[in-house]
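Residue-level listing of the chains:
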Amino acid sequence: MTDTLGLLLAVHVVAANIQDRDGAKRSLLWTRLDHLGVQKIWADQGFAGRLVEWTSSILGRALEIVRKAPDQHGFQVQPKRWAVERTLSWITSHRRLARDYEASPARSETMIRWAMIGIMVCRLTRGRPASRPGPRLLSSAPGPPLLPSECLVGFGHGQR
C-alpha cells in the first residue's frame, strides 16, 4: 500500500493461492493503525466485493474501487492506480526484487522495505528538487537510467 506520492505505507506478501482482497486486510489494518490520517483508499477491481464493506464497517475508512471505463480497449492509465504502478517500477529496479527469489514471504517484505528505504534516502540526500529527465534521443549510446545514477541502490551485486 502506498500514499499518493508513491511512498510505502504497508506491505504484506501472501502466497499465490490467497485472493488479493483476502490478503489486503492485514495491510489495510496496519495502515489504519499506523497512519491515522488516511481516510480514503483506492484499489483496483481485484479488491472489489466484501473487502469494501469490511473496510467501511471494521476500519471506518472508505475503500473506492477504481474501475476501467466500460468502452476501454487495450491499455490505458487508470486514475489513482498509476501511483502504485510507479512504486512497483521503482522497487523492481533493485536487482533482488526483479524476480521472486525469496522462499519466505517475510523476507520478501523485508526486501521491499529495504528497496524503499534506499529510494527515500536518495530523495532526502539528493540536495535539489526532484526533476524529470528530458526526452531521450534514440542513439547507439545507452540512455540515462530510470532513476538518477546517484540514487540507484544495489543489493550486493552490480552496485552503481
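Before any of the text, the structure's been laid out above.
So, here is what we can say about the structure in this document. Quick caveat, the model's predicted, so the values are computed rather than measured.

What counts, and at which threshold
Residues numbered from 1 in each chain as written. Predicted model: local features only at pLDDT ≥ 70, side-chain atom pairs only at ≥ 80, totals over all residues. Heavy atoms only, no water. Buried < 20%, exposed > 50% of the residue type's maximum accessible area, 1.4 Å probe, protein only. Helix = DSSP H or I, 4+ residues; strand = E, 2+ residues; numbered from the N terminus. Pairing = 2+ DSSP bridges. Right-handed = clockwise from strand over helix to strand, strands pointing away. Contact = heavy atoms within 4.5 Å. Arc of directions from axis to C-beta.

1. Topic: the pairing of strand β2 (residues 62–65)
Thinking step 1. Alternating positions in β2 separate cleanly, Leu-63 and Ile-65 being buried on one face and Ala-62 and Glu-64 remaining unburied on the opposite face.
Thinking step 2. With four bridges connecting them, strand β1 (residues 40–43) and β2 associate as parallel partners. Within β2, the position partnered with Lys-40 by the bridge is Ala-62.
Thinking step 3. A crossover links β1 with its parallel partner β2, the connecting element being helix α2 (residues 50–59), and its sense is right-handed.

2. A few points about the side chain of Thr-31
Thinking step 1. Examined against the element boundaries, Thr-31 turns out to sit in helix α1 (residues 20–34).
Thinking step 2. Note on Thr-31: relative accessible area 1%, which makes it buried.
Thinking step 3. Non-local contacts of Thr-31, meaning those with residues more than four positions away in its chain, are made with Met-1, Leu-9, Ala-10 and Val-38.

3. Details of the environment of Gly-60
Thinking step 1. Along the chain, Gly-60 turns up in the loop between α2 and β2.
Thinking step 2. C-alpha of Gly-60 to C-alpha of Arg-32: the two residues are 28 residues apart in sequence and 8.9 Å apart in space.

4. Focus: α2
Thinking step 1. Looking at α2, one finds that the buried residues are Leu-51, Trp-54, Thr-55 and Leu-59. For α2, the arc enclosing every buried residue in end-on projection is 100 degrees, short of the 170-degree limit, so these residues lie on one face. Seen from the buried face of α2, the exposed residues on the opposite side, beyond 90 degrees, are Arg-50, Glu-53 and Ser-57.
Thinking step 2. Against α1, β1 and β2 lie the buried residues of α2.
Thinking step 3. Positive phi shows up at Gly-60, right after α2, with a value of about 70 degrees.

These figures capture arrangement, not role.
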